[in-house]
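Fold and contact review
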Number of protein chains: 4
Amino acid sequence: MSLFLCDYAEGAHPAILKKLAETNFEQTYGYGNDEHCRRAKELIKAECEAPDAAVYFLVGGTQTNMTVIAAALRPHQGVISAATGHINVHESGAIEHSGHKVLAYPTPDSKLSAEMVQAIYDEDISNGTRSHTVQPKMVYISVPTEQGAMYDLAELTALSEVCKRCGYYLYADGARIGYGLASEGCDITLSDLARLTDVFYIGGTKVGALFGEAVVITNDKISEDFDYIIKQNGGLLAKGRLLGIQFETLFENGLYYEISKNAITMAMRIKKAFKQAGCDFLIDSNTNQQFPILTKAQYSAFEGRCEFWADMGEGRAAVRFCTSWATTEEALCELEAQIKEYIG
Amino acid sequence: MSLFLCDYAEGAHPAILKKLAETNFEQTYGYGNDEHCRRAKELIKAECEAPDAAVYFLVGGTQTNMTVIAAALRPHQGVISAATGHINVHESGAIEHSGHKVLAYPTPDSKLSAEMVQAIYDEDISNGTRSHTVQPKMVYISVPTEQGAMYDLAELTALSEVCKRCGYYLYADGARIGYGLASEGCDITLSDLARLTDVFYIGGTKVGALFGEAVVITNDKISEDFDYIIKQNGGLLAKGRLLGIQFETLFENGLYYEISKNAITMAMRIKKAFKQAGCDFLIDSNTNQQFPILTKAQYSAFEGRCEFWADMGEGRAAVRFCTSWATTEEALCELEAQIKEYIG
Amino acid sequence: MSLFLCDYAEGAHPAILKKLAETNFEQTYGYGNDEHCRRAKELIKAECEAPDAAVYFLVGGTQTNMTVIAAALRPHQGVISAATGHINVHESGAIEHSGHKVLAYPTPDSKLSAEMVQAIYDEDISNGTRSHTVQPKMVYISVPTEQGAMYDLAELTALSEVCKRCGYYLYADGARIGYGLASEGCDITLSDLARLTDVFYIGGTKVGALFGEAVVITNDKISEDFDYIIKQNGGLLAKGRLLGIQFETLFENGLYYEISKNAITMAMRIKKAFKQAGCDFLIDSNTNQQFPILTKAQYSAFEGRCEFWADMGEGRAAVRFCTSWATTEEALCELEAQIKEYIG
Amino acid sequence: MSLFLCDYAEGAHPAILKKLAETNFEQTYGYGNDEHCRRAKELIKAECEAPDAAVYFLVGGTQTNMTVIAAALRPHQGVISAATGHINVHESGAIEHSGHKVLAYPTPDSKLSAEMVQAIYDEDISNGTRSHTVQPKMVYISVPTEQGAMYDLAELTALSEVCKRCGYYLYADGARIGYGLASEGCDITLSDLARLTDVFYIGGTKVGALFGEAVVITNDKISEDFDYIIKQNGGLLAKGRLLGIQFETLFENGLYYEISKNAITMAMRIKKAFKQAGCDFLIDSNTNQQFPILTKAQYSAFEGRCEFWADMGEGRAAVRFCTSWATTEEALCELEAQIKEYIG
């Protein structure tokens, strides 16, 4: 039976494996100084309509977050995050390990708003002993969030504006950005992200690659000596071309968008099935993560195939069903049948 | 023309690519909790004759060094290294970034000896204000070294003994251990390394894998909560199975040893060719790295294909020729011909 | 007019200045290796009934917290604190600077309870991906808290027991411990603190000294190489005897307790005066910090002499009045008169 | 018998104790926001002829070094130091603890020269894989050095110029700057230091104060948010006025210079006495530290009163005799007599 536990359960899109095989015996310089990386960067900059952006390839999400934040902040500065943000809860203290406090704020829906950022700023500057506290300097958002919520253009624009006013960097963690861009109702593009943030990354690991995240930096203060910071954080892949080849493949003919769409189509079918079965949801997500709320009896039918997410009290739990580029029609039909059978 | 710049110029051994393709649509748990990792760990423990060792897979060498050292040391402790050690010169301060001083000592031949370690210990404990200095706690050696020198069993045994006496951990960086084990005159095995060190790693990146290093820890103090330390250092690969699959392939039928041998055969031919041409060498290496000393005119014939290593004065330079599992007969013949042509 | 802004507005108790003058031309070894430090440590160990404790002297509170926590934790471990804890809000990220996350939890009254600690533990160990999160390892409490609340013996005993069960260190920040011990209803002693915690400190800066905090460590795992950790954190005072002389003076004839009592007597009179004037309080404190809630008009009468603490809405604010060993009868009478005049 | 072990064996100059007593019951704001600090800063800026400099007070030398370096460097940057530099050998890894590598270079005489700095720069920029190494960004010099050597104006000017050319900060550790300025042949002033460095500090601990170092920053990039960095490093003294009062006293009527002179007069008599007795010296120092080379038998006569410094082979050792503001005529006469008696 198929798993819906996460969006990194399979290997890579076959086009990537094929390209890796084809290029296997090319001899290239190491550390990303090769033609594949060069070309992949050009494709991404074109997609972002950001010819002056600096693009770097890293292996994974936590590594990317710690590297970007280390590059951007001075020692006494911290990064504002939703309490549910990946950097706050699921990176074993990687951000603190490089010396920075995550300034975590509770949110109703896993998203930070411009109003919240403004309020944090106002409180900070009205503090009589500011230098005794951590100085907020960066706003970290996940697009989409860890709970499947998506930012729209108006929200991103407002966040961008408030960050500029406050002198904060805006950083978007795009581990699942492909699924966000393909989600129903999404009105933003990679170009908007490049224009509205100082730095963001395009996730490969969860969207068709074996591994890899592409960091797009539009603020020179963050990109300065970024290659040193990557190396210092253990993120410089010797055979850097592996990252170049993967992103080249993903962005050559719109493959990234195409395979992201599959995940959304499948996720929307899951959403519909649980809705029809009468389930509530933790949040109303249009992305590849769906969080229906099940009774214990209902959950037991799916245990091991979806992820337990949060105890909702009264014997109920929110669980996560994840789809991906690799989710098959067959797996989905089987799941739909089971939802009908076990839930209603 | 073929490059001899480094041992990570190509992709992976075809058997690895094949296995990746075969397993591509298996659905597995993330983060190394899969059957391939489990099996690869068993194969490595068997090879090391260390059933109780803890084995972990990481992506690259710098990442591995910073993770192992962060796991082993308290904040005031430092790691002893040859001045030429990778952690001292080529990791952009990754060790310092996690708070530890590299206690670097000059060596005649890029190797640390038991006598040197004993002398460092003696000086430390006779210091009247020890707590004003960094406390040595780990000895880092590269096997083979960054200059191609290899430790023999007697040297490793003496280092192991002195470390035990002094209360130091012994850590061997085995980025090129395959080539060391296959080198002429080598009298050590993986089992010796497991027995004589507290922790070491088996390099995959330079020996046939796309990427990957297998850390073997025999000292419980270092392996305790090692998974947290990996995650905190951004080293936990989401699709951990990629590492399991690669090391499974390398250690299933002795492939790791077999492909290492190719590199040595080729390297010895290069050594012979330069010797016959009358060249001196930076050090007498039996491993896959050869450091002939060339005049500027001679070097110009090979520029771009070998690496400039060190200025030797009087218009001469030591350069590095690297072979690997991927070096072909054809490339070698061509190189031999050119050595004859341009040098003598 | 006298200030009630904080408890570090004056110099030191005259007995300390006298002793500093008397000993000024003694020649002693540096870094605390002198007779005054030796004797002060003995006095403190006797007071704590902890002959085997290790006692160290540091200069200030933030320095002490960062040093103790750095000594106790491995990189992936964090320290549990009330959200209002000093380490969480008023140390400019000193704890994160040495790599550790402060695991901050909201509390009703600025105190952590055994139940809260147990719940944190239960949630941690039931987490399926523990190694992706920060590992709780230490519980930090302020005795009394930053809001003047005091722990009683039953609470401390329960905290101590739960920490032992969970494998957590218990650390008490005693920046104002003198005032806590002298507070009405206090049923604990330094001996209880030594017995129930793994490490705590006795504040000098706020209780009669020019500066200085005495760390009492009863857990060998934390005291191991503690002198290195002090030095590494910039906390080793060259003329260490200055700390010895001050704590010698404070603990020679119970001076520490005696001068703490003055602060409490004065604070209780302030409490009574505001109560009689009809004011509410942020919390009901029996220590040297009182937090009456004033209207803006009322606050304006005292502005610059007490500290703004928190906006309470509806035009009201909680403010802080601090007394200390140095608060005089005259200053108090004047304040009482003003409370009557301006408030009621 | 008097000790010549170090220059921090006594308390403070009596004028400082007097001033502390006189001001003891003044109520001031904490953390250096008081009139004494304000006035001391003005006196220092006047002395430095640097009206726009930012002046900060810290407690000790290691603390100052780690704070200045943390404020100045990005994570991948390191600080160039003589191998004998205090930050390299006697700070328990404080610099590495805040993430930075000390790039240590051997020197003939404990001093860095402009030529050495230029060579380091040249090597760095000619490196093909610069981002794999630590980026030099600051030059740390001790004025005078840990071995008593002094920089002259030409040397400092050349260092300043090379640093500007290379884009390096120049930082002078002035723990003993008073003794340097008072030394025979010195042709520099505080004003020169302010003009030629980006940041330096004026040591109080070793020159008449109970404790305290005054940091003078003329480069805005380093002084930006310096108060946060001080607090984060545990260096913000609650009763900051103690530092203000001490430096006010030292710089009010040239006391700092006057008491420094005493140390030099006494040191020159020690130098003369050992010279007349036929001793060699480790280096020819004109400052308050003298390093005669003694035989073991000779050393035994002074053991416990001077510091063992370095084994010179052949049964000889370099030892350190330190004078200070507090060295008395009586102590010196006694020492001179003993030198004559035991040595020659």
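All values reported here derive from a predicted model rather than from experimental measurement.

What follows covers the overall build of chain A. Across its full length, chain A carries 15 helices and 11 strands. Over its C-alpha trace chain A gives a radius of gyration of 20 Å, about what one expects of a compact globule, namely 20 Å for 344 residues. If one aligns the C-alpha atoms of chain A with their principal axes, the spans along those axes are about 60 × 55 × 35 Å. Within the span of chain A, comprising 344 residues, buried residues form 59% of the whole.

This part takes up the domain arrangement of chain A. All names here are of chain A. When the domains of chain A are assigned, the result is domain 1 (14-255) and domain 2 (256-342). Opposite the 22 residues of domain 1 that make contact, domain 2 presents 20 residues. Listed by contribution, the elements that provide at least two residues to the side of domain 1 that touches domain 2 are helix 8 (177-181) and helix 12 (241-252). No other element matches helix 8, which puts 4 residues into the side of domain 1 that touches domain 2. A class-by-class count of the residues in the side of domain 1 that touches domain 2 yields 10 nonpolar, 8 polar and 4 charged.

Our next topic: the relation of the copies chain B and chain A. The transform that puts chain B on chain A rotates by 180 degrees and translates by 0.0 Å along the axis, for an RMSD of 0.0 Å. Both copies of the chain, as the preceding transformation shows, are related through a two-fold rotation axis. Most of the interface of chain B is mirrored in chain A, where 100% of its interface residues are also at the interface.

All names here are of chain B. With their axes 8 Å apart at the nearest point, helix 6 (residues 114-125) and helix 7 (residues 153-166) run at an angle of 15 degrees to one another. In this view, helix 6 runs roughly parallel relative to helix 7, as classed from their interaxial angle. Classified by chirality, the crossing of helix 7 by helix 6 is right-handed. Residues A114, V117, Q118 and Y121 of helix 6 form the contact with helix 7, whose own contacting residues are A158, L159, E161, V162, C163 and C166.

A separate point is the interface of chain B and chain A. On the side of chain A, 41 residues touch chain B, which itself brings 40 residues to the contact. For the side of chain B that touches chain A, the secondary-structure elements that each account for two or more residues are helix 1 (14-22), helix 3 (61-72), helix 5 (94-97) and helix 11 (226-232) of chain B. Here the side of chain B that touches chain A is built from residues that sort into 18 nonpolar, 18 polar and 4 charged.

Time to look at the interface of chain D and chain B. On the side of chain B, 16 residues touch chain D, which itself brings 16 residues to the contact. Each residue belonging to the side of chain D that touches chain B can be placed in one class, and the counts come to 3 nonpolar, 11 polar and 2 charged.

Next up on the list: the sheet that holds strand 5 (residues 169-173) of chain A. Residue and element names in this part refer to chain A. In space, the 7 strands of this open sheet follow the order 1-7-6-5-4-2-3, with mixed pairing throughout. Sheet topology places strand 1 (54-58) and strand 3 (102-105) at the edges, where each strand pairs with a single neighbour. Recorded for the sheet is a direction-independent mean angle of 25 degrees between the axes of neighbouring strands. Most of the contacts of helix 2 (residues 35-47) go to strand 1, to which it runs at about 120 degrees, and overall it touches strand 1, strand 6 (199-203) and strand 7 (213-217). Strands in contact with helix 6 (residues 114-125) are strand 2 (77-82), strand 3 and strand 4 (135-142); relative to strand 4, the strand with the most contacts, it is inclined by about 170 degrees.

This part covers the relation of the copies chain D and chain B. Screw-axis analysis of chain D against chain B gives a translation of 0.0 Å along the axis, an RMSD of 0.0 Å, and a rotation angle of 180 degrees. Comparing contact sets, 100% of the residues at the interface of chain D also lie at the interface in chain B, consistent with an isologous, same-surface contact.

What follows concerns the packing of helix 2 of chain A against helix 12 of chain A. Residues and elements named next belong to chain A. Packing of helix 2 against helix 12 brings their axes to within 7 Å, and their N-to-C directions diverge by 40 degrees. Looking at the two axes, helix 2 sits oblique to helix 12. With respect to the hand of their crossing, helix 2 and helix 12 are arranged in left-handed fashion. Mapping the contact onto sequence places H36, C37, R39, A40, L43, I44 and E47 in helix 2 and R241, L243, G244, I245, F247, E248, F251 and E252 in helix 12. In the contact of helix 2 with helix 12, the residues fall into 8 nonpolar, 2 polar and 5 charged.

General note: in soluble globular proteins, nonpolar side chains tend to be found buried as a group. Grouped together as the largest cluster of nonpolar side chains are 220 residues, with contacts concentrated most on M138, V139 and V216 of chain A together with M138, V139 and V216 of chain B. Contact partners of V139 of chain B, with chain neighbours within four places excluded, come to I80, L112, V117, L159, C163, Y168, L170 and Y171 of chain B. Within the second largest apolar cluster, 219 residues are counted, among which are I95, L112, Y171 and I217 of chain C.

Glancing now at the environment of P144 of chain C. All names here are of chain C. Of note, P144 is situated in the loop between strand 4 (135-142) and helix 7 (153-166). Since 27 C-beta atoms lie within 10 Å of it, P144 is described here as buried. With near-sequence residues (within four places) excluded, P144 lies in contact with A149, M150, R176, Y179, G180, S183 and T287.

Turning next to the sheet that holds strand 1 (residues 54-58) of chain D. Residue and element names in this part refer to chain D. Within the open sheet, the 7 strands sit side by side as 1-7-6-5-4-2-3. Their pairing is mixed. Bordering the open sheet on either side are strand 1 and strand 3 (102-105), each of which pairs with just one other strand. Strand-to-strand twist of the sheet, defined as the mean angle between neighbouring strand axes without regard to direction, takes the value 25 degrees. Both strand 1 and strand 7 (residues 213-217) contribute to a ladder of 5 bridges, which runs antiparallel. Within strand 7, the position partnered with V55 by the bridge is V216.

Let us now look at the pairing of strand 5 (residues 169-173) of chain B. Consecutive residues of a regular strand have side chains that alternate between opposite faces of the sheet. All names here are of chain B. Of all 5 residues that make up strand 5, 5 are buried, and the element is covered over most of its length. Residues Y169, Y171 and D173 line one face of strand 5 and the alternating positions L170 and A172 line the opposite face, and both faces are buried. The pairing of strand 4 (residues 135-142) with strand 5 spans 5 bridges and is parallel. If you follow Y140 over to strand 5, its bridge partner there is Y171. Once you follow strand 4 into helix 7 and on to strand 5, the crossover reads as right-handed.

Analysis parameters
Residues numbered from 1 in each chain as written. Chains lettered and ligands numbered in written order. Predicted model: local features only at pLDDT ≥ 70, side-chain atom pairs only at ≥ 80, totals over all residues. Helix = DSSP H or I, 4+ residues; strand = E, 2+ residues; numbered from the N terminus. Rg over C-alpha atoms; globule rule 2.2 N^0.38 Å. Buried ≥ 20, exposed ≤ 12 C-beta atoms within 10 Å, placed from the backbone. Domains from an automatic or database assignment. Contact = placed C-beta atoms within 7 Å. Nonpolar A, V, L, I, M, F, W, Y, C, P; charged D, E, K, R; others polar. Least-squares fit on C-alpha atoms with pLDDT ≥ 70 in both. Axes fitted to C-alpha atoms, helices over the stretch in contact; angles between N-to-C directions. Parallel < 35°, antiparallel > 145°, perpendicular 65-115°, else oblique. Left-handed = near helix turned anticlockwise from the far one by under 90°. Pairing = 2+ DSSP bridges. Core = buried A, V, L, I, M, F, W, Y, C linked by C-beta atoms within 7 Å. Right-handed = clockwise from strand over helix to strand, strands pointing away.

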